[in-house]
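Descriptive structure summary
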Amino acid sequence: MKILFLACLKPKTGNHTTAERIRSHIESAGHICELRHAGEFQSSADVNSLLSQDPPFQGALAIHLYRAGRLLLDVQLPFGVIFGGTDINEDVKVEQKRAVMEQVLRKARFAVAFTTKLKEEAEIHLMSQSSKIYLQPQAWHCKNVPNILIILGPNIDPVLTAEVKSAVKRTTGVFLAHERSQQEVHAAMKRSFAVVNSSVSEGMSAAILEAMHLRVPVLARNIPGNAAVVQHEVTGLLYSSPQDFLHQSQRLLSDQELRERVVRNGKLYVEEHHSLEKERETYQRLVDSLHSV
Ligand SMILES: *[C@@H]1O[C@H](CO)[C@@H](O)[C@H](O)[C@H]1NC(C)=O
């Protein structure tokens, strides 16, 4: 089958990595999967002009019901969708977006949620089509004492970047580094005492799963996206305020038993719930379902 796959492909983001991985699952089952950046298209009409190519596409897939799935609404192809974190955590709060997502879900042959919580929320906010929503967690893969914090990542929001830069200048022990390739990030993680996620906006953290896979302790802000993968004191530590961040990081530094426990459980957790083989099987089975009438 020839499949069109739409996703937001900003370079070096978690989304991009996830999309590439899913594409490789589909291609390893013998299909052709053309991955395109959703931002290239304004409407279904733009997608339709791509679809007029030869050989014809037979199915489509999108990550993010709102950002990418809506581009498939007026396209004459069977399609499936994968929920993005912001679909349910943010976009659903805007009625016009919610209604579009509901339409996308109604037309889709299947939908995939990365966590039970996302699946449940989707069932509450979008008309219940629970039989269509499959749960497939994301797969992975992929001390020195004066502690320093290195902030890594692309500069996406210029206002936020300026704020971060000026805060970093006023602080000792905090450094800002340019974005790195995934390989370099992994190498840096392995040499770190812990990986911190301080995000206030929702999503699904591939970096946290990668850290668990690499046996690096995780310290993450307690927001639903992070709490879906980090269970406090079991697979990592969660914090809810700057004060609490200090407290939890001190514990991690001083309590070796705690550190070993979260690393062990984190590794088991990614192996059990985020395995590459299971993820591959799910997508290959779902893509096959686009074939039948
Ligand atoms: C941090 O966590 C948020 C929420 O889970 C996620 O969207 C983001 O991608 C994460 N970033 C990193 C670098 O872990």
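Rules behind the numbers
- Residues numbered from 1 in each chain as written.
- Predicted model: local features only at pLDDT ≥ 70, side-chain atom pairs only at ≥ 80, totals over all residues.
- Heavy atoms only, no water.
- Helix = DSSP H or I, 4+ residues; strand = E, 2+ residues; numbered from the N terminus.
- Polar contact = N/O pair within 3.5 Å; in protein donor to acceptor, adjacent residues only side chain to side chain.
- Near = heavy atom within 4 Å.
- Areas by Shrake-Rupley, 256 points an atom, 1.4 Å probe, with all protein chains shown as cover.
- Nonpolar A, V, L, I, M, F, W, Y, C, P; charged D, E, K, R; others polar.
- Domains from an automatic or database assignment.
- Contact = heavy atoms within 4.5 Å.
- Buried area = accessible area lost by both parts, 1.4 Å probe.
- Salt bridge = Lys/Arg side-chain N within 4 Å of Asp/Glu carboxyl O.
- 1 Å grid on protein atoms, 1.4 Å probe; cavity = no way out; pocket = protein on both sides within 12 Å on 5 of 7 lines; lining within 4 Å.
- Points joined across faces, edges and corners; volume = space filled by probe spheres on them.

1. Here we look at the side chain of Asn89
- Inspection of the secondary structure assignment puts Asn89 in helix α3 (residues 85-89).
- At 3.0 Å, the side chain of Asn89 and the backbone oxygen of Gly85 are in polar contact.

2. Brief notes about the site of the ligand
- Residues in contact with the ligand, as listed here, are Asn197, Ser199, Ser201, Glu202, Gly203, Met204, Ser205, Ala207, Ile223, Gly225 and Asn226.
- At 2.8 Å, a side-chain N or O of Ser205 approaches an oxygen atom of the ligand.
- Within the contact set of the ligand, an oxygen atom lies 2.7 Å away from a side-chain nitrogen or oxygen of Asn226.
- For the ligand, whose unbound accessible area comes to 360 Å², protein coverage reaches 68%.
- A class-by-class count of the residues in the shell around the ligand yields three nonpolar, seven polar and one charged.

3. Quick word on the domain arrangement of the chain
- Along its sequence, the chain is carved into domain 1 (2-138 + 275-289) and domain 2 (149-273).
- On a C-alpha basis, the centres of domain 1 and domain 2 stand 28 Å from each other.
- The interface of domain 1 with domain 2 comprises 15 residues on the first partner and 17 residues on the second.
- Between domain 1 and domain 2, a total of about 1,300 Å² is buried, with carbon and sulfur atoms accounting for 60% of that surface.
- Applying the counting rule to domain 1 against domain 2 returns zero salt bridges.
- One can count one residue pair in polar contact (both at pLDDT 80 or more) joining domain 1 with domain 2.
- With three residues, α3 is the single largest residue contributor to the side of domain 1 that touches domain 2.
- Residues that form the side of domain 1 that touches domain 2 fall into these classes: two nonpolar, eight polar and five charged.

4. Remarks on empty space enclosed by the protein
- Within this model, the largest cavity holds a volume of roughly 100 Å³.
- Around the largest cavity sit 13 residues that line it, and Asn89, Thr115, Leu118, Pro224 and Gly225 are the ones nearest its centre.
- Only α3, α5 (116-125) and α9 (224-227) provide two or more residues apiece to the lining of the largest cavity.
- Its residues assigned to classes, the lining of the largest cavity shows five nonpolar, five polar and three charged.
- The residues that make up the lining of the largest cavity include at least three from each of domain 1 (2-138 + 275-289) and domain 2 (149-273).
- Its volume calculated, the second largest cavity comes out at about 30 Å³.
- Lining the second largest cavity, in full, are Met212, Arg215, Val216, Pro217, Val218, Thr235, Val262, Val263 and Gly266.
- Ranked by residue count, the leading element in the lining of the second largest cavity is helix α11 (residues 256-273), at three residues.
- In terms of residue class, the lining of the second largest cavity is built from six nonpolar, two polar and one charged.

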